[in-house]
Amino acid sequence: MDLLDTLTDKGLRRELPTREEALAVLATTDDELLDVVAAAGRVRRQWFGRRVKLNYLVNLKSGLCPEDCSYCSQRLGSKAEILKYTWLKPEQAAEAAAAGVAGGAKRVCLVASGRGPTDRDIDRVADTIAAIKDADEQVEVCACLGLLSDNQAERLKAAGADAYNHNLNTSESTYGDITTTHTYADRVDTVAKAHGAGLSACSGLIAGMGESDADLVDVVFALRELDPDSVPVNFLIPFEGTPLAEEWNLTPQRCLRILAMVRFVCPDIEVRIAGGREVHLRSMQPLGLHIANSIFLGDYLTSEGQAGQADLDMIKDAGFEVEGAEQTTLPRHRVTAAGGCGGASACGGHGEDAADACGTGACGPCGGHSATGADVEAEAAAGESDEARTDLVRVRRRGAGTELAPNA
Ligand code: SF4
């Protein structure tokens, strides 16, 4: 049986591929690409049909972070000319969230820059969750606030949060190359805390930071071990003014291979195309929908996405449908095993996990690490590199924190 038949078979049975099989997906040629997408698509349709879950980011607090994540436009010392503002008021955040929900989003991701929340910050976020759920109790709310201290996850859960996002971003062995102010172990600990509090876990990665294929496989297998309900796959947006501004390592084909590898390793988990979708997949975005079952609608934390209506048109044109609030995201066996994530939101979460994909920093899609010898070797082996499409990177100037209407 050839590689793709084996992986499809395993995906349909929810069986973990071997590391070698995952690496082989990343090493496939462009001639094999449509076969790879078709194989991952069969697994996707088995567990998620043709539904696409829409998520909407609300950046509660932007920039001025004391941490040094190399990929992040909000990092300490970032020269990126992003919006900078402190905490939105609950009603401002609820207004932004409502725009996303009106556009078709069933989950709202509340993100704040920073190492982690204070207890007062948890109070603010609790008030924001209440304002959002007062307007529409079916909305799933995911918080992404950085590293959690003891009891904070429980407080978020009690406040009505459905999920918590905290990404691993890259492999344990290269984590120190991208961030020095906290560790990979800190991140694993926060996902565990959210899990332990009964929040649905969302944890993902950033590709394109100069990592090797082995690093990508390592982080995806590590994520699978954490048993998240959703895995956001970010493609580095190399922001001018950050250490990774020159890291243009991705092609649309490479992005599709990475998504397929994640799908095969996480067959029945929500796989979300997160930050960098428009910048790196470009006109190949619809093929990504055959693999992933979830995207962000509209803009990201500090960068602009394509128009929300363009997202909706793309989903329809590609023959998919937006997942409704009444539909359960995860397959029945995962919901049953976990007891659901609570309430009418039916996000299919475990009673015990955390975090959702943001679009920047500690949380989601933005950056990467500087190229090492191994990275260059890996890139050469893959025969891939991308031209710098800085023309596609647009700093967010609308929505939360501005006077302009959000993109949803
Ligand atoms: S990723 Fe999060 S913690 Fe890291 S610099 Fe950005 S906002 Fe700060």
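Residues numbered from 1 in each chain as written. Predicted model: local features only at pLDDT ≥ 70, side-chain atom pairs only at ≥ 80, totals over all residues.

A. Looking closely at the packing of helix H5 (residues 119-135) against helix H6 (residues 152-159). It is the contact of H5 with H6, at a shortest axis distance of 9 Å, that shows an interaxial angle of 20 degrees. Put simply, H5 runs roughly parallel to H6. H5 and H6 meet at a crossing whose hand is right-handed. Where H5 abuts H6, its residues Ile122, Val125, Ala126 and Ile129 lie against Gln152, Arg155, Leu156 and Ala159. Across the contact of H5 with H6, the residue classes tally to 6 nonpolar, 1 polar and 1 charged. (Axes fitted to C-alpha atoms, helices over the stretch in contact; angles between N-to-C directions. Helix = DSSP H or I, 4+ residues; strand = E, 2+ residues; numbered from the N terminus. Parallel < 35°, antiparallel > 145°, perpendicular 65-115°, else oblique. Left-handed = near helix turned anticlockwise from the far one by under 90°. Contact = placed C-beta atoms within 7 Å. Nonpolar A, V, L, I, M, F, W, Y, C, P; charged D, E, K, R; others polar.)

B. The nonpolar core, seen in detail. Grouped together as the largest cluster of nonpolar side chains are 109 residues, with contacts concentrated most on Tyr56, Val58, Ala97, Val108, Leu110, Tyr164 and Leu259. Ranked by residues supplied to this core, first place goes to helix H10 (residues 252-265) with 9 residues. Setting aside anything within four residues of it in sequence, one finds Val58 in contact with Ala93, Ala96, Ala97, Val108, Cys109, Leu110, Val111 and Ala400. (Core = buried A, V, L, I, M, F, W, Y, C linked by C-beta atoms within 7 Å. Buried ≥ 20, exposed ≤ 12 C-beta atoms within 10 Å, placed from the backbone.)

C. The confidence of the model for the protein chain, seen in detail. Residues of the protein chain with pLDDT of at least 70 account for 88%, and the chain-wide mean is 90. Contacts for the low-pLDDT stretch residues 339-362, under 50 throughout, to residues beyond four places or in other chains number 129 contacts. (pLDDT = per-residue confidence, 0-100.)

D. Here's a closer look at the pairing of strand E1 (residues 51-61). With 10 of 11 residues buried, E1 lies mostly within the body of the structure. Pairing between E1 and strand E10 (residues 321-322): 2 bridges, direction parallel. If you follow Val52 over to E10, its bridge partner there is Val322. Bridge analysis of E1 against strand E9 (residues 294-296) gives 3 bridges, and the strand direction is parallel. Residue pairing across strands places Leu54 opposite Ile295, the latter belonging to E9. As defined by bridge partners, E1 adjoins strand E2 (residues 107-112) across 6 bridges and the pair is classed as parallel. The partner of Asn55 across the bridge, within E2, is Arg107. With respect to chirality, the unit in which E1 leads through helix H4 (residues 90-102) into the neighbouring parallel E2 is right-handed. (Pairing = 2+ DSSP bridges. Right-handed = clockwise from strand over helix to strand, strands pointing away.)

E. Main features of unusual backbone geometry. With a phi close to 75 degrees, Asn169 is a non-glycine residue in the positive phi region. Topologically, Asn169 is positioned in the loop between strand E4 (163-165) and helix H7 (175-178).

F. Representation of the packing of H4 against H5 within the structure. In contact at an axis separation of 8 Å, H4 and H5 are set at 45 degrees when each is read in the N-to-C sense. As the angle between them shows, H4 and H5 are arranged oblique. The crossing of H4 and H5 is right-handed. Of the residues in H5, those in contact with Pro90, Glu91, Ala93, Ala94, Ala97 and Ala98 of H4 are Asp127, Thr128, Ala131, Ile132 and Ala135. For the contact of H4 with H5, the residue count by class is 8 nonpolar, 1 polar and 2 charged.

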